[in-house]
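# Observations on the model geometry
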Amino acid sequence: MPVAIVTGGSRGFGRALAVDLAGGGWSVILDGRTAPSVREAVAELEALGVTVRGIIGDITDAHHRDSLVDAAEHLGSLDLLVNNASTLGPTPLPKLEGYPLDELRRVYEVNVVAPLALLQAALPLVRRSHGVVLSLSSDAAVEAYEGWGGYGSSKAALDRLHQVLAAEEPDLAVYQFDPGDMRTEMHQAAFPGEDISDRPRPETVVPMLRRLLDSGAPSGRYRAGQLEPA
Ligand SMILES: NC(=O)c1ccc[n+]([C@@H]2O[C@H](COP(=O)([O-])OP(=O)(O)OC[C@H]3O[C@@H](n4cnc5c(N)ncnc54)[C@H](OP(=O)(O)O)[C@@H]3O)[C@@H](O)[C@H]2O)c1
């Protein structure tokens with residue numbers, strides 16, 4: 001069975017993807033900092049009859065990242081690494097003029113440094129499988145929205161890291177996937193007090209990503225809207 005690591009697989013888009021992969025027979029390793037959410041996600045996947053490892057921890061912690069990679073090693077391969085866990089940073093979203101710099105450092109640590117560090121730890125295993133590396137991008141990586149400077153610049157950096165990886169690792173598929181707006185906790189935090197019930201649920205976006213994964217498309221940046229489910 002193919003094996004995937006999905007960071008932030010305990011809720012939101014990461015969980016929807018983890019469930020979908022499990023439904024397709026994948027073994028899944030997922031994480032999150034909040035123990036009950038990780039346990040819930042594990043139970044949901046186990047009910048599908050697949051092998052699942054839920055590891056509680058913070059992606060900025062090197063020991064935690066090593067545990068994720070060790071779990072994959074133990075399962076025998078790593079076919080898909082999904083850098084999904086992410087932080088929006090302070091909310092309401094501050095303008096750059098007053099952006100707290102310690103919070104900006106944390107945004108970069110979670111959204112840029114930790115995904116690269118996980119990638120470094122996982123690369124030997126991914127290479128062995130000629131696998132796929134996927135990072136979650138955002139339109140804020142390419143569009144300049146007021147207040148989105150911290151998160152948006154971190155996502156732009158994450159995109160570029162993965163684009164350089166694609167140049168350095170031609171035997172791997174390296175995708176940046178922009179899912180568009182989704183009805184999740186992160187999106188609600190970006191729009192405090194707003195009714196976001198018109199945004200699509202993550203489960204409706206996952207099939208577009210699965211289409212990309214199944215397509216064998218060249219490495220690159222893809223938007224959900226370009227990838228309608230078959
Ligand atoms: N929602 C949108 O509209 C939207 C739009 C464009 C792009 N995206 C991107 O899509 C991805 C998923 O977003 P989402 O909306 O599903 O987010 P979400 O609802 O906030 O879920 C984030 C997941 O990541 C985990 N997580 C957060 N920080 C972590 C850390 N430091 N270490 C380990 N796990 C951590 C969370 O669990 P814990 O909090 O318990 O750790 C949770 O499982 C993100 O990369 C986001 O930037 C989202």
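A short tour of the structure in this document, coming up. (Residues numbered from 1 in each chain as written. Predicted model: local features only at pLDDT ≥ 70, side-chain atom pairs only at ≥ 80, totals over all residues. Heavy atoms only, no water.)

## A few points about the pairing of strand β1 (residues 3-6)
Of the two faces of β1, both are covered, the one formed by Val3 and Ile5 as well as the one formed by Ala4 and Val6. Pairing of β1 with strand β2 (residues 27-32) involves four bridges; the strand directions are parallel. Opposite valine 6, over in β2, you have leucine 30 as the bridge partner. Sheet topology places β1 next to strand β4 (residues 80-83); three bridges connect them, and they run parallel. The residue of β4 that forms the bridge with valine 6 is valine 82. (Buried < 20%, exposed > 50% of the residue type's maximum accessible area, 1.4 Å probe, protein only. Helix = DSSP H or I, 4+ residues; strand = E, 2+ residues; numbered from the N terminus. Pairing = 2+ DSSP bridges.)

## A closer look at the site of the ligand
Of all residues adjacent to the ligand, which total 30 residues, the nearest are Ser10, Arg33, Thr34, Tyr151 and Thr184. Isoleucine 59 places a main-chain nitrogen or oxygen 2.9 Å from a nitrogen atom of the ligand. Contacts to the ligand include asparagine 84, whose backbone N or O atom sits 2.7 Å from an oxygen atom. Within the shell around the ligand, the residues separate by chemical class into nine nonpolar, 13 polar and eight charged. (Near = heavy atom within 4 Å. Polar contact = N/O pair within 3.5 Å; in protein donor to acceptor, adjacent residues only side chain to side chain. Nonpolar A, V, L, I, M, F, W, Y, C, P; charged D, E, K, R; others polar.)

## Considering the packing of helix α4 (residues 101-128) against helix α5 (residues 149-168)
Closest axis-to-axis distance for the α4/α5 pair is 8 Å, and the angle between their directions is 20 degrees. If you check the angle between α4 and α5, you find them roughly parallel. The way α4 lies across α5 gives a crossing that is right-handed. When α4 is examined against α5, the residues Leu104, Val107, Tyr108, Asn111, Val112, Pro115, Leu116, Leu119 and Leu123 are found in contact with a partner set consisting of Gly150, Tyr151, Ser153, Ser154, Ala157, Leu158, Leu161, His162 and Leu165. Of the residues assigned to the contact of α4 with α5, the class counts are 13 nonpolar, five polar and no charged. (Axes fitted to C-alpha atoms, helices over the stretch in contact; angles between N-to-C directions. Parallel < 35°, antiparallel > 145°, perpendicular 65-115°, else oblique. Left-handed = near helix turned anticlockwise from the far one by under 90°. Contact = heavy atoms within 4.5 Å.)

## Thoughts on the packing of aromatic side chains
The full count for this structure, using the stated rule, is four aromatic pairs. With a centroid separation of 6.2 Å and 25 degrees between ring planes, the pair formed by phenylalanine 13 and phenylalanine 177 is classed as stacked. On the criterion of sequence distance, the pair formed by phenylalanine 13 in helix α1 (residues 12-23) and phenylalanine 177 in strand β6 (residues 173-178) is long-range, its members being 164 residues apart. Accessibility expressed as a relative area gives 5% for phenylalanine 13, which makes it buried. Since its relative accessible area comes to 0%, phenylalanine 177 is described here as buried. Ring plane angle 70 degrees and centroid distance 5.6 Å describe the contact between tryptophan 148 and tyrosine 151, whose orientation is recorded as edge-to-face. Over the aromatic face of phenylalanine 191 sits the side chain of arginine 199, whose NZ or CZ is 5.3 Å from the ring centroid. (Phe/Tyr/Trp six-rings, centres within 6.5 Å; stacked < 30°, edge-to-face > 60°. Lys NZ or Arg CZ within 6 Å of the ring centre and 35° of its normal.)

## Observations regarding the nonpolar core
By size, the foremost hydrophobic cluster in this structure holds 36 residues, and its most contacted members are Phe13, Leu30, Leu80, Tyr175 and Phe177. What phenylalanine 13 contacts, discounting residues up to four positions off in sequence, is Asn84, Leu136, Phe177, Met182, Thr184, Pro202, Val205, Val206 and Leu209. Counting residues in hydrophobic clusters, the runner-up holds 24 residues, among them Ile55, Ile59, Leu68 and Leu118. (Core = buried A, V, L, I, M, F, W, Y, C linked by side-chain atoms within 4.5 Å.)

## Structural notes on the environment of glycine 131
For glycine 131, the location among the structural elements is in the loop between α4 and β5 (132-136). Residue classification places glycine 131 among the buried residues on the basis of a relative accessible area of 3%. Separated by 127 residues in the primary sequence, glycine 131 and alanine 4 have C-alpha atoms spaced 9.7 Å apart. Setting aside anything within four residues of it in sequence, one finds glycine 131 in contact with Asp79, Val126, Leu172 and Ala173.

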